[in-house]
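Descriptive analysis of the structure
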Amino acid sequence: MDISEKEYQSMYDQCYRGSAKINIASHFGEYKKIIDRSSFHKHYEKDNKAEIIKLLGNEIDEEKFDLLAYYCNIDKLTVDGELEKMNKSTFEFCKDPYDPSIVDNVQLETVKYSKQRNQLKSHQVHLKYRSEKPIRYDPVPLQRASPVLVPESDILVFIRVYVPFTSRYKQSVGALGKLSLNFVIVMHGSQTLDKLRDQIICPSDYAISTEASEIPIRSKTKNAKDVYKSGFFFIEDTFYNDFRDPLNKDNSKVIIEWAQTRNLGPYKTAKMEETTVASIAMRFGYPWVYQHQGDCEHLITFSDVRFVNASDELNSECYPKIVRIKPRPNRYCMTCGIYSVAWVTTSNNRLPHNPCLFCDSCFKSYNYVKGKKIGSFKAYPYPYDVDLLQPQLNDYDRMYDTQENSENTVLTEASADSCASTEDLKNDC
């Protein structure tokens, strides 16, 4: 039985509580008129005694103001015997088992269990204690040619991007993974949606299906994002497709045709490279979809929007940028267990694991001798950003380094002994 559009909408409204639909540009245009008529916001730049007394309507004199400032000083907010301020390791992902801020003479169950948890060497920190990590950027000096954001005029929009979710049919069984945040991006309202897409990082963009066991050079292969460039954002009733490349496809076409056969819609299409964030009428806190690589789908929510403050980064070229990120466990080499995974091998007749994960060093030292492949296996680069996590390979000859290091060491020691035998040879060396 077909489900009507109203039934679909009612179902999602019950699951997700979003704001009323607002047009960002018109909403903040009206808000700016209210601010311009008010004098309350103007004291933040001056922040002096006379201005604040005037703001209070001259109801107190200077002497009373000084007395009020004395008693309201933040230094007065402490009491005798108060615990020391928690240091960074107390509330971050990695715990310090000898955290000095956890004192012994406090009879609290939370303190006792916190000490026990921190002293467990193999303890995996519970999801409750994993939080978003803010990313701090160094201030960028303003250039004359760089566009500058104007406080209380330009808008900043915050977008929460979640890890890809798994779709399934009704007949499928088993629990789906919990929805998990990936990172938070901030951009100013005059930027287009294609700038947002370029800032979203996903492992599927770096997935490579090319078998590279014969010439295992990571930097010589193409990433999926360079080959399959099509994608779209679905916000409210519109698919915003990426048509910056003339060869890109309209991935929303098949979805719209499917919806029409079920009396859903109507839905519209637009180009993301021509649509600014501030021009969209949307609900905040409601989940929308970002789709790329054909079937990789992320939920995104527009979580917050506000005017630019004087304390924000005013260089518009610094946006969009990631401001918070969710820490995630890394995948390590199955051979050394020290370095991050760089290669995946399958059908390897010399290994008990299929597939097997290797770092770059273990992969080349175990599977190659002087650049020649040993045994039978297939190798694929592990999907990640090469420029971000791995230095560029200078030469394919790096594969010879492991086998020749021991030989070079023996030759060097022999040459040194030979040079020490006579004075002439010593000088030549």
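Reading guide: rules and limits
Along each chain, residue indices are assigned from 1 in the same order as the chain's sequence is written. Where local features are concerned, this predicted model is filtered to residues with pLDDT of at least 70; where side-chain atom pairs are given and counted, the filter is 80 or more; whole-chain, interface and lining totals use all residues. Only hydrogens and water are removed before side-chain values are computed, so all heavy atoms of the structure are retained for them. Following DSSP output, two strands are said to pair if at least two bridges run between them. By definition, any uninterrupted DSSP run of H or I lasting at least four residues is a helix, any uninterrupted run of E lasting at least two residues is a strand, and each is numbered from the N terminus. Contacts: residue pairs with any heavy atoms within 4.5 Å of one another. Only the contacting stretch of a helix is used when fitting its axis, a line to C-alpha atoms as for every element, and angles between N-to-C directions run 0 to 180 degrees. Scored between 0 and 100, pLDDT is the confidence that the predictor attaches to each residue. Burial classes follow relative accessibility: with a 1.4 Å probe on protein chains only, a residue under 20% of its type's maximum area counts as buried, one over 50% as exposed, and anything between as partly exposed. Any pair of nitrogen or oxygen atoms within 3.5 Å is treated as a polar contact; in protein, a donor-acceptor pairing is required on top of that, and neighbouring residues in sequence qualify only through side-chain atoms on both sides. The rule for a salt bridge is simple: a side-chain nitrogen of Lys or Arg has to be within 4 Å of a carboxyl oxygen of Asp or Glu. Planes of paired rings set the category: under 30 degrees apart is stacked, over 60 is edge-to-face and the rest tilted, where pairs are Phe, Tyr or Trp rings (Trp by its six-membered ring) whose centres lie within 6.5 Å. To qualify as a nonpolar core, a set must consist of buried Ala, Val, Leu, Ile, Met, Phe, Trp, Tyr and Cys residues joined through side-chain atoms within 4.5 Å.

1. Description of the sheet that holds strand E6 (residues 238-241)
- Sheet architecture is open: nine strands sit in the order E2-E11-E4-E3-E10-E9-E5-E6-E7, paired in mixed fashion. The open sheet terminates on both sides in strands that have one partner only, identified here as strand E2 (133-134) and strand E7 (268-271).
- Examined bridge by bridge, strand E9 (residues 288-292) and strand E10 (residues 296-307) share five bridges and lie antiparallel to one another. Counted as the bridge partner of glutamine 291 is glutamate 297 from E10.
- Lying on the sheet, helix H2 (residues 24-37) is in contact with strand E3 (155-162) and E10; it crosses E10 at an angle near 15°.

2. Focus: the confidence of the model for the chain
- Residues of the chain with pLDDT of at least 70 account for 70%, and the chain-wide mean is 77.
- Across residues 88-97, confidence stays below pLDDT 50; counting only partners more than four residues off in sequence or on other chains, it has 18 contacts.
- Counting contacts from residues 390-429, a segment whose pLDDT is below 50, to residues more than four positions away or on other chains yields 34 contacts.

3. Quick look at the side chain of asparagine 367
- Examined against the element boundaries, asparagine 367 turns out to sit in helix H11 (residues 360-367).
- Asparagine 367 sits in the buried class, given a relative accessible area of 0%.
- In this structure the side chain of asparagine 367 is engaged in a polar contact, spanning 3.2 Å, whose partner is the side chain of asparagine 348.
- Setting aside residues no more than four positions away along its own chain, asparagine 367 makes contact with Asn348, Arg350, Phe358, Lys372, Lys373, Ile374 and Phe377.

4. A word on the pattern of salt bridges
- As enumerated under the stated definition, the model contains 14 salt bridges in all.
- A salt bridge links lysine 268 to aspartate 237; the nearest nitrogen and oxygen atoms lie 3.9 Å apart. One end of the pair, lysine 268, is in strand E7; the other, aspartate 237, is in the loop between strand E5 (231-235) and E6, with 31 residues separating them in the sequence.
- Between arginine 244 and aspartate 242 there is a salt bridge, and its shortest N-O distance comes to 2.8 Å.
- What makes arginine 244 partly exposed here is its relative accessible area of 37%.
- For aspartate 242, a relative accessible area of 2% translates into the label buried.

5. Observations regarding the packing of aromatic side chains
- All told, the structure shown has 17 aromatic pairs when counted by the stated rule.
- Ring geometry for phenylalanine 234 versus tyrosine 267: centroids 5.8 Å apart, planes at 70°, classification edge-to-face. Residue phenylalanine 234 is found in strand E5, and its partner tyrosine 267 is found in the loop between helix H10 (253-260) and E7; the two are separated by 33 residues along the sequence.
- Classification of phenylalanine 234 as buried rests on a relative accessible area of 17%.
- What makes tyrosine 267 partly exposed here is its relative accessible area of 26%.
- Relative to tryptophan 288, the ring of tyrosine 286 lies with its centre 4.9 Å away and its plane at 45°, an arrangement referred to as tilted.
- Note on tryptophan 288: relative accessible area 3%, which makes it buried.

6. Digging into the side chain of asparagine 348
- Following the sequence through the fold, asparagine 348 ends up in the loop between strand E12 (343-346) and strand E13 (356-358).
- At 3.0 Å, the side chain of asparagine 348 and the backbone nitrogen of arginine 350 are in polar contact.
- What asparagine 348 contacts, discounting residues up to four positions off in sequence, is Asn367, Ser376 and Phe377.

7. Focus: the nonpolar core
- The biggest cluster of nonpolar side chains holds 30 residues, and the ones touching the most others in it are Ile24, Leu193, Phe233, Ile235 and Phe302.
- For this core, the elements supplying multiple residues, two or more each, are H2, E3, strand E4 (181-188), helix H8 (193-199), E5, E9 and E10.
- The residues touching isoleucine 24, leaving out its near neighbours within four places in the chain, are Ile155, Val157, Val277, Ala278, Ile280, Met282, Phe284 and Val305.
- Membership of the second largest hydrophobic core comes to 18 residues, among which are Leu149, Phe158, Val308 and Tyr319.

8. Considerations on the sheet that holds E13
- Taken in spatial order, the three strands make up an open sheet running E13-E12-E16, and their pairing is antiparallel. The open sheet is flanked by E13 and strand E16 (378-381), the only strands paired with a single partner. Put simply, the sheet's adjacent strands are angled 25° from each other on average, direction ignored.
- Sheet topology places E12 next to E13; three bridges connect them, and they run antiparallel. If you follow valine 344 over to E13, its bridge partner there is leucine 357.
- Strands E12, E13 and E16 of the sheet are contacted by H11, whose axis makes an angle of about 110° with E13.

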